[in-house]
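# Structural overview
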Amino acid sequence: MGGRKRKKVIKRMRKTIPKIFACPNCGEKTLSIVINREEGKAVIKCGRCNIIEGDILVSYVEEPVDAYGKFVDRYYGVGKPVKTNEESGKPSELENK
Ligand SMILES: [Zn+2]
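What you are looking at is a predicted structure, and each value in this text was computed from that prediction instead of being measured. (Residues numbered from 1 in each chain as written. Predicted model: local features only at pLDDT ≥ 70, side-chain atom pairs only at ≥ 80, totals over all residues.)

To continue, consider the overall build of the protein chain. Along the backbone of the protein chain there are 1 helix and 4 strands. By the burial criterion, 15% of the 97 residues in the protein chain qualify as buried. Considering only residue pairs separated by 6 or more positions, the protein chain has 24% of its internal contacts joining residues 24 or more positions apart. (Helix = DSSP H or I, 4+ residues; strand = E, 2+ residues; numbered from the N terminus. Buried ≥ 20, exposed ≤ 12 C-beta atoms within 10 Å, placed from the backbone. Contact = placed C-beta atoms within 7 Å.)

For the rest of this paragraph, the subject is the environment of Cys26. For Cys26, the position within the fold is in the loop between strand E1 (19-21) and strand E2 (31-36). Remark: the alpha-carbon pair of Cys26 and Ile51, spanning 25 residues in sequence, is separated by 9.0 Å. Discounting residues that sit within four places of it in the chain, Cys26 has contacts with Cys46, Arg48 and Cys49.

Quick look at the pairing of strand E4 (residues 52-57) now. Sheet topology places strand E3 (residues 41-46) next to E4; 4 bridges connect them, and they run antiparallel. Across the sheet, the residue bridging to Ala42 is Ile56, located in E4. In this structure, the hairpin formed by E3 and E4 is closed by a connection of 5 residues, where Asn50 is found at a positive phi of approximately 65°. (Pairing = 2+ DSSP bridges.)

Attention now moves to the nonpolar core. Ranked by size, the top nonpolar core spans 13 residues in total, and within it Leu31, Ile33, Ala42, Ile44, Ile56 and Ala67 carry the most contacts. Contributing elements (two or more residues each) for this core: E2, E3 and helix H1 (64-76). (Core = buried A, V, L, I, M, F, W, Y, C linked by C-beta atoms within 7 Å.)

This part takes up H1. Compared with an ideal rise of 1.5 Å per residue, which puts 13 residues at 18 Å, H1 spans 18 Å between its outermost C-alpha atoms and is within 8% of the ideal. Residues of H1 that are buried include every one of Pro64, Ala67, Tyr68, Lys70 and Phe71, and no others. Mapping the buried residues of H1 onto a view down its axis gives an arc of 165°, with all of them on the same face. In H1, the exposed residues that point more than 90 degrees away from the buried face are Val65 and Tyr76. In the core, the buried residues of H1 are packed alongside E1, E2, E3 and E4. Just beyond H1, the residue with positive phi is Gly77, at close to 75°. (Expected span 1.5 Å × (residues − 1). Arc of directions from axis to C-beta.)

This is the structure:
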């Protein structure tokens, strides 16, 4: 019974550590990205130019770098928008009454 190893659980605060990226707006490395796992969104803030984006959707497997990629895409207007306009894009059939 001797020599039994006890597993020590090391708490890693990985998900709460903000990551710092280069800001596409001001070019400084002052862009912090915090992922809110409960909401499945990333909050992106620049401490220099105060650009803020709190509506980047991230899945469980995605990390701040993925959110950063989406943010940059959105900033430059390339790629697909995260949100679809399906709800607001109602057909104009009403006009043909
Ligand atoms: Zn900035």
